[in-house]
Amino acid sequence: MSMNGSVAIVTLGCARNDVDSEELAGRLRAGGWDLVEDPGEADVAVVNTCGFVEQAKKDSIDALLETADLKDAGRTQKVVAVGCLAERYGEQLAAELPEADAVLGFDSYTDMSRQLQAILAGERPESHVPRDRRTLLPITPAQRPAALAADEVVVPGVWMQATPRARLGSAPWAPLKIASGCDRRCSFCAIPAFRGSFVSRRPSDVLAEARWLAENGVREVLLVSENSTSYGKDLGDLRLLETLLPDLASVDGLDRVRVSYLQPAEIRPGLLEVMTGTPGVVPYFDLSFQHASPTLLRRMRRFGGAEDFLGLTDRIRALAPEAGIRSNVIVGFPGETEEDVDVLCSFLEGAQMDVVGVFGYSDEDGTEAVGLEDHLPEEVVAERVAHVSDLVEELMNQRAAERVGSEVTVLVDEIESAEDDTTTARRDPRPSVGRAEHQGPEVDGVCRLTAPVEVGRFVTGRVIDCDGVDLVVEPTGEGT
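This one's a predicted model, so the numbers in the text were calculated from it and none came from an experiment.

Reading the values: rules and limits
- Residues numbered from 1 in each chain as written.
- Predicted model: local features only at pLDDT ≥ 70, side-chain atom pairs only at ≥ 80, totals over all residues.
- Heavy atoms only, no water.
- pLDDT = per-residue confidence, 0-100.
- Contact = heavy atoms within 4.5 Å.
- Pairing = 2+ DSSP bridges.
- Helix = DSSP H or I, 4+ residues; strand = E, 2+ residues; numbered from the N terminus.
- Axes fitted to C-alpha atoms, helices over the stretch in contact; angles between N-to-C directions.
- Phe/Tyr/Trp six-rings, centres within 6.5 Å; stacked < 30°, edge-to-face > 60°.
- Buried < 20%, exposed > 50% of the residue type's maximum accessible area, 1.4 Å probe, protein only.
- Lys NZ or Arg CZ within 6 Å of the ring centre and 35° of its normal.
- Expected span 1.5 Å × (residues − 1).
- Arc of directions from axis to C-beta.
- Polar contact = N/O pair within 3.5 Å; in protein donor to acceptor, adjacent residues only side chain to side chain.

Here we look at the confidence of the model for the chain
- Of the residues in the chain, 95% have a pLDDT of 70 or more, and the chain-wide mean is 92.
- When the criterion is pLDDT under 50, residues 423–427 qualifies, and its contacts beyond four places in sequence or with other chains add up to three contacts.

Printed below as a string of structure tokens:
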């Protein structure tokens, strides 16, 4: 029996939030709380929200309301909002969402156990007043480590080495945060204001956590941050990622190291060589292009354009022809013309990426883009989203079809459930589902194996068919 009670953590948003939730879980377990999976079986349910775009905010609000409904059943006593939406809106969210018993910002994370004790006892803590977290640390990156050590500014998922995270799942892969925050000033993005300035974790802490993850059944780590290509700049070495990757790949028990959130303008030749030539580091490039029209990218406060980006994808494939390349693009940004859309579509056709996410522009509170002229009507944005999405779907299907006949190595993540079975006839045994090297977790499609393989094992196979971006793979080797 715990000394405090039981707590469940519900996580929304990105893999960075997954790390934050497991950090909170580690702190709470160390503070004497029992961790349970089902919020309906917990004394306190903590909802780690996402505040990135409008739809993510709505999803977070819905999750909070749904979780708050559990209190009517009598088991769940309190519901607490944390995460990006709570940090970004603070007292405003608390006032508009009385169903939540508390709204806590990032600065509450190190003392979360005591905070939940008080909330469970009936207190309703005063919610924080949101502030621009970029003002908490020096502008000069090299001065940030000393300021963090002196002032104990809370950077979720970064300064947590004293308290190991607690795994909230059993998948054979896990996100591993190498940095938090962002120094870029993209005109459409509010993340830097509520996540703060860019801060790297020390390599020794990253490696220690990687070893801990491997000891707990993880065979693949996904390195996450707001901008992985900036890793090390505040530690005095902008090429620190090139050094870190081989060290991570040599950790006993880890078979794959995957990097996400790469800024195209910051990709260095040495980084390309390490990512395509280091055994254990998969040639996988999650590139934040956002658009391809140079004119529009400047309005976004970004660099590059179609010619530069195609040069980058060509260099990647020259080093690793089977490399996975993915990106996201925004259409309908203020001032976007039909010519800009044509440039984007031409680039997408030339780049032939494995996966592309298409998002329609929407205003985000506090961003420069809100005040730009030439906002497009919603119906125009929707039409362009549909047009680019149709093209992207066709291109992704073509790219998947090109992989038919190739040899792949698949990490089995799960056994497909009955609910996932879309065929009319029941299949027994259920297919094993995993990912090849070019497929990132949860966002890039999967490989469905024609023979059962145990979760957590790697198996070699041949791609015999595709279904959209998903591949059908016939195993040709034993699972390891």
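A look at the sheet that holds strand E14 (residues 407–415)
- Strands sit in the order E14-E15-E16-E18-E17 around a closed barrel of five strands; the barrel is mixed. The sheet shows a mean angle of 50° between the axes of neighbouring strands, taken without regard to direction.

Points about the packing of aromatic side chains
- Under the criterion given, the structure shown has six aromatic pairs.
- Ring centres of phenylalanine 309 and phenylalanine 347 lie 5.9 Å apart, and the angle between their planes is 65°; on these two criteria the pair is classed as edge-to-face. Separated by 38 residues along the polypeptide, phenylalanine 309 in helix H11 (residues 306–319) and phenylalanine 347 in helix H12 (residues 338–351) bring together distant segments of the chain.
- Here phenylalanine 309 falls in the buried class, since its relative accessible area comes to 4%.
- Ring pairing ties together the aromatic residues Phe188, Phe333 and Tyr361, which thus form one cluster.
- It is arginine 16 that lies over the ring of tyrosine 261; its NZ or CZ is 4.4 Å from the centre.

Regarding helix H2 (residues 54–69)
- Across its 16 residues, H2 extends 23 Å between first and last C-alpha, which sits within 8% of the 22 Å expected from 1.5 Å per residue.
- Looking at H2, one finds that the buried residues are Ala56, Lys57, Ser60, Ala63, Leu64, Thr67 and Ala68. Down the axis of H2, the smallest arc covering the buried residues is 130°, so these residues share one side. Summarising the geometry of H2, the exposed residues directed more than 90 degrees from the buried face are Glu66 and Asp69.
- Its buried side turned inward, H2 meets strand E3 (44–49), strand E4 (78–83) and helix H3 (84–96).

Some thoughts on the side chain of arginine 302
- Checked against the element boundaries, arginine 302 lands in the loop between helix H10 (294–299) and H11.
- A polar side-chain atom of arginine 302 sits 2.5 Å from the main-chain carbonyl oxygen of serine 288.
- Each residue touching arginine 302, except ones within four places of it in the same chain, is listed here: Arg184, Cys186, Phe188, Gln263, Pro264, Ser288, Phe289, Gln290 and Leu297.

Observations regarding unusual backbone geometry
- Not every positive phi belongs to a glycine, and glutamine 290 is a case in point at roughly 70°.
- Checked against the element boundaries, glutamine 290 lands in strand E11 (residues 284–290).
- The phi dihedral of arginine 301 is positive, around 65°, even though this residue is not glycine.

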